[in-house]
Amino acid sequence: MSKTTHTLTFLGTGASCGVPSFYCGCKACDEARIDLRAARDCSDLLIRGEQNTLVDAAPELRLQLIREQVDCIDQVVVTHGHFDHIGGIPQLEYYVKLKSGALVPVYAGQQTLATMSQQFGFMTDSLAFNQLVAYQTIELDGVCYTALPAAHGGDAFGFLIQTAQTMAAYFPDTGQLPAATLGYLEDLDILIIDATFNARNWMPHSHHNIDEAIELSRSLQAKRTYLTHLSMHYDEPITLRELEQKLSAYEGTIHVAHDGLTIEI
Ligand SMILES: [Zn+2]
Ligand SMILES: [Zn+2]
Ligand SMILES: [Zn+2]
């Protein structure tokens, strides 16, 4: 791994409904209509070094890349084939045809690749699919990505993301993590974890609520944790202000991610 400094930018940090949801007038959505810091696109990451690597491609990808002043994408690593994580892939079609001229490599599990080829069949001349298997590590632009099984149905992965100085883990969609995956998450510098629900967890087999995400962070003793994939309005609405207040009990170790937040890795 090279010593190049890399940054990780949270392009989006919301659950699939986004914050605000167009149909919702709860206090979390109303807060996000006034305070942009509380507004959330669907979840994805940009890892920047000498190249630009996407981890997932949210449906809002075009606007996210314009906001972050990104004009090239070198490769995409995909956690799973749900629309909120792959809906932005078609944005790459004209990027390839009109600018880069080279296929964009896309790395994902077998079922996720099958979903993408079915949904984006018109892009076979824009994307180069590369299949990942569980526990496989690939190195892209000096960063190692290890595909770790998540609890989210099919072959959904989270990724261990390692640079020369930082060990981070990204699990935007997962229920309680499988024991074999947990074995890879000791000594984490940064844990980025699904905190989809507040209070009652509607889907405990495929998501965390905020309290479960906090509990995981504490049991792994990650140095820093960022909550992501937040709905903020199910089952009980919670405002960003209230969530930040709640997390202040953890003395700066557990944070709420927000769209556009950039950290060094
Ligand atoms: Zn709402
Ligand atoms: Zn999902
Ligand atoms: Zn999702």
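Not measured: the values here are computed from a predicted model.

Considerations on the coordination of the zinc ion (ligand 3)
Within the protein, D84 (OD), H85 (NE2), D173 (OD) and H229 (NE2) serve as the donor atoms for the zinc ion (ligand 3), at 2.1 to 2.3 Å. Read N to C, the donor residues that coordinate the zinc ion (ligand 3) are spaced as D-H-x87-D-x55-H. Taking relative accessible area as the criterion, H229 reaches 2% and is therefore assigned buried.

Describing the sheet that holds strand 13 (residues 254-256)
If you trace the seven strands from one edge of the open sheet to the other, you get 7-8-9-10-11-12-13, paired in mixed fashion. In the strand order of this sheet, the two ends are held by strand 7 (137-140) and strand 13, each with one partner. Across the sheet, the axes of successive neighbouring strands diverge by a mean angle of 20 degrees, strand direction being ignored. Sheet strands touched by helix 7 (residues 210-220): strand 11 (190-194), strand 12 (224-228) and strand 13. Its angle to strand 11, the strand with the most contacts, is close to 155 degrees. Its contacts with the sheet place helix 8 (residues 240-247) against strand 12 and strand 13, and it is angled at close to 175 degrees to strand 13.

Thoughts on the coordination of the zinc ion (ligand 1)
Angles at a metal have ideal values that depend on geometry: 109.5 degrees with four tetrahedral donors, 90 or 180 degrees with six octahedral donors. In this structure, C24 (SG), C26 (SG), C29 (SG) and H233 (ND1) serve as the protein donors to the zinc ion (ligand 1), at separations of 2.0 to 2.3 Å. Geometry at the zinc ion (ligand 1) is tetrahedral, judged from the four donor atoms that bind it and their angles of 90 to 122 degrees at the metal.

As for the nonpolar core
Core analysis: the largest hydrophobic core is formed by 35 residues, its most contacted members being L185, L188 and L227. Sorting the residues of this core by element identifies helix 1 (27-34), strand 10 (167-171), strand 11, helix 7, helix 8 and strand 13 as the ones contributing at least two each. With five residues, helix 7 is the single largest residue contributor to this core. Beyond its immediate sequence surroundings of up to four residues, L227 is in contact with I193, A195, I210, A213, L247, I254, H255, V256 and A257. In this structure, V77, V143, A147 and F159 belong to the second largest nonpolar core, which totals 25 residues.

A short note on the pattern of salt bridges
Overall, the coordinates contain eight salt bridges when judged by the stated rule. R200 is the partner of D235 in a salt bridge, and the nearest nitrogen-oxygen pair spans 3.4 Å. In this pair, D235 is assigned in the loop between strand 12 and helix 8 and R200 in the loop between strand 11 and helix 7, connecting sequence segments 35 residues apart. K246 serves as the salt-bridge partner of D211, at 2.8 Å between the closest nitrogen and oxygen. With D211 in helix 7 and K246 in helix 8, this residue pair connects regions lying 35 residues apart in the sequence.

Topic: unusual backbone geometry
Of the consecutive residues V19 and P20, the connecting peptide bond is found in the cis state with omega at -5 degrees. Among the secondary structure elements, P20 is positioned in the loop between strand 1 (7-12) and helix 1. In this model, Y234 is joined to D235 through a cis peptide bond whose omega is -5 degrees. Backbone geometry at A199 places phi at a positive 65 degrees, although glycine is not the residue there. As for its placement among the helices and strands, A199 is situated in the loop between strand 11 and helix 7. Look at A199 and you get partly exposed, because its relative accessible area is 28%. Phi is positive for E251, which is not a glycine, with a value near 50 degrees.

Description of helix 7
Among the residues of helix 7, I210, A213, I214, L216, S217 and L220 are the ones counted as buried. Seen along its axis, helix 7 keeps its buried residues to an arc of 160 degrees; they face one direction. Opposite the buried face of helix 7, at more than 90 degrees from it, the exposed residues are E215, R218 and S219. The inward-facing, buried residues of helix 7 abut helix 6 (179-182), strand 11, strand 12, helix 8 and strand 13. The N-cap of helix 7, judged by a side-chain oxygen 3.1 Å from the amide nitrogen of D211 a few residues on, is N209. Q221 lies just past helix 7 and shows a positive phi near 55 degrees.

Scoring rules and cut-offs
Residues numbered from 1 in each chain as written. Chains lettered and ligands numbered in written order. Predicted model: local features only at pLDDT ≥ 70, side-chain atom pairs only at ≥ 80, totals over all residues. Heavy atoms only, no water. Donors = N, O, S within 2.8 Å, 3.2 Å for Na, K, Ca; no water. Buried < 20%, exposed > 50% of the residue type's maximum accessible area, 1.4 Å probe, protein only. Pairing = 2+ DSSP bridges. Helix = DSSP H or I, 4+ residues; strand = E, 2+ residues; numbered from the N terminus. Axes fitted to C-alpha atoms, helices over the stretch in contact; angles between N-to-C directions. Contact = heavy atoms within 4.5 Å. Tetrahedral: all angles 85-135°; square planar, octahedral: opposite > 155°, others 65-115°. Core = buried A, V, L, I, M, F, W, Y, C linked by side-chain atoms within 4.5 Å. Salt bridge = Lys/Arg side-chain N within 4 Å of Asp/Glu carboxyl O. Arc of directions from axis to C-beta. Polar contact = N/O pair within 3.5 Å; in protein donor to acceptor, adjacent residues only side chain to side chain.

Read these as spatial facts, not as claims about activity.
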